[in-house]
Amino acid sequence: MSAYDLVVIGTGPGGYVCAIRAAQLGLRTAVVEKRATHGGTCLNVGCIPSKALLHASEAFEEANHHFADLGIEVSGVTLDLKKMMGFKDEGVAGNTKGVEFLLKKNKVDSYQGTGRIAGAGRVEVVSEDGGNRMLETKNIVIATGSDVAKLPGVEIDETVVVSSTGALALGAVPKKLLVIGAGVIGLELGSVWRRLGAEVTVVEYLDRVLPGMDGETAKQFQRILTKQGIAFRLSTKVTGVEVAKKGAKVTVEPAAGGQAEVLEADVVLVAIGRVPYTAGLGLETVGVQVDNKGRIQTDEHFATNVTGIYAIGDVIAGPMLAHKAEDEGVAVAEILAGQSGHVNYGVIPNVVYTFPEVASVGRTEEELKKDGVAYNAGKFPFTANGRAKANGTTDGFVKILADAQTDRVLGVHIVGADAGNLIAEVAVAMEFGASSEDIGRTCHAHPTLTEAVKEAALAVAKRAIHV
């Protein structure tokens, strides 16, 4: 008889949520975590610390540049970066300790060390001191997350050339920060250091920011960030990074080919994406199949080709988002308990936590056009929203895309203050198959930013009231 019904390798958002849900359903569950603290990349060196610095740096900028507009006169505003980093660390500690408490509360056994699948139903845990322990289990869920994607020929030293991890722990504000990659991570962390005083330049190989997001939304967002002081070099590739005595020299040239030039920076942030983390898991030994991008291949029930081994989160196909991993963790736990776990991949929100925020759910206009789907679009600017006017946060808009025949909402895209919370309403609506008219006929409190969502829904049928 196996000691466990389930062993989860990795306690990021997908792993710990999977373990807790499995324990709730009566499965004898254990987790294996290589870090000293639970929570994975997200809680330790990703989502949580970056949001703490985004929040703190935004408050710093407000005090320095915008309080006077509100009639609040302040002087002598200075940055104590060490204290700000302490604020970030407190948030991380609170969250990781919270996960530890939840695992204990749900009677999930926790093993600290590196997990390796030794064979069917066997997970070896190797601790830092070299000791090892073999866990016997009926099922294994791989939830080891992702790692920073490397730029060929560029060595990350986390001092001058940094990944997102190093960018969250700089000891001083760089005079010049060069960000390689105009995706979510690069723009969020670029925003943090721009607010704190850095001169920020973003270099992107493609001809746009936020690849994969709605094109119109991305263009509007780039204009806003440019107005804030971030410089962009699009359609540009980095061909080399040379670390000097002070800072680095970055060689760039047009993506299509052309004259090279050298840009100087005190710190270079490599933010070109993330890749599945499966090193040392023993996948080859047990024969678990991966695709050409290193992602573990699974079926619709998250099962790999090897009986009893499942995978969720960043190590499998789909967007590398914590909440996507959480939903998959719940789904696979319910499947293992004999229930019908399921994830609706058509309704997974995506948020960029800059200011203003960018949020989307569902399909983009580009995707609908490519697939030949007839749709109607309704758009409403925050310049016409009463609360946004009163708050002085009028940048951005809400755009709703609905099926031309059925009026069912297919996608929603928001640039604006609190967009990450505003997107939740339409995610719920889409989960229940709502039409734009359903949203437009729902009473929204006044004065709130949510009214912009209602007006965008009304605009689908060309009957918005306030524009």
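Residues numbered from 1 in each chain as written. Predicted model: local features only at pLDDT ≥ 70, side-chain atom pairs only at ≥ 80, totals over all residues. Heavy atoms only, no water.

1. Quick word on helix 1 (residues 13–24)
Defined as follows: Helix and strand labels come from DSSP, where a helix needs a run of H or I of at least four residues and a strand needs a run of E of at least two; each type is numbered from the N terminus. Expected helix span is given by 1.5 Å per residue-to-residue step, counting one fewer step than there are residues. Should any heavy atoms of two residues lie within 4.5 Å, those residues are counted as being in contact.
Between its terminal C-alpha atoms helix 1 stretches 16 Å, which fits the 16 Å expected from twelve residues at 1.5 Å a residue. Those residues of helix 1 that are buried lie in contact with strand 1 (4–9), strand 2 (29–33), helix 2 (40–45), helix 4 (81–105), strand 6 (132–142) and helix 9 (322–336). One or two steps after helix 1, the chain reaches G26, where phi turns positive at roughly 90°.

2. Here's the deal with the pattern of salt bridges
Quick note on the threshold: Any Lys or Arg side-chain nitrogen found within 4 Å of a carboxyl oxygen on Asp or Glu counts as a salt bridge. Partly exposed residues are those whose accessible area sits between 20% and 50% of the maximum for their type, while under 20% is buried and over 50% is exposed, using a 1.4 Å probe and protein chains only.
Taken as a whole, this structure holds 21 salt bridges when the rule is applied. As a salt-bridge pair, K399 and E365 come within 2.7 Å of each other at their nearest N and O atoms. A residue pair is termed long-range when its members are at least 10 positions apart, and K399 in strand 21 (residues 397–403) and E365 in helix 10 (residues 365–370) qualify at 34 residues. With respect to class, K399 is no different from E365; both count as buried. E437 is the partner of R441 in a salt bridge, and the nearest nitrogen-oxygen pair spans 2.7 Å. Under the relative-accessibility criterion, E437 is labelled partly exposed at 36%. Three or more residues are tied together by salt bridges with common partners; here these are D214, E216, E365, K379 and K399.

3. Some points on a nonpolar patch on the surface
Condition: A patch consists of residues whose relative accessible area exceeds 30% and which take part in no salt bridge; residues with like charges are grouped when within 9 Å of each other, and nonpolar side chains (Val, Leu, Ile, Met, Phe, Trp, Tyr) when within 5 Å. In this description, accessible areas are obtained by the Shrake-Rupley approach with a 1.4 Å probe, and a residue is regarded as covered only by the protein chains that are shown.
Residues L70, I72 and V74 make up a contiguous nonpolar surface patch of roughly 260 Å² in combined accessible area. Tracing the chain through its elements places L70 in the loop between helix 3 (47–66) and helix 4. Look at L70 and you get exposed, because its relative accessible area is 56%.

4. Digging into the UniProt feature "active site" (unreviewed entry) in the chain
Put simply, the rule is: UniProt positions are given in the numbering used here, feature names are shortened, and annotations may be inferred rather than shown by experiment.
UniProt tags H446 as "active site" (unreviewed entry). Tracing the chain through its elements places H446 in the loop between helix 13 (436–440) and helix 14 (451–460). On the basis of relative accessibility, which here comes to 62%, the residue H446 falls in the exposed class.

5. Some details on the sheet that holds strand 11 (residues 231–233)
What counts is decided by this rule: Should DSSP find at least two bridges between two strands, the strands are regarded as paired.
Spatial ordering of the open sheet is given by 8-15-9-10-11, a layout of five strands whose pairing is parallel. Every other strand in the sheet has two partners, leaving strand 8 (161–162) and strand 11 as the edge strands with one partner each. Two elements, strand 9 (residues 176–180) and strand 15 (residues 267–270), share four bridges in a ladder whose sense is parallel. Its bridge partner lying in strand 15, L178 is registered against V268.

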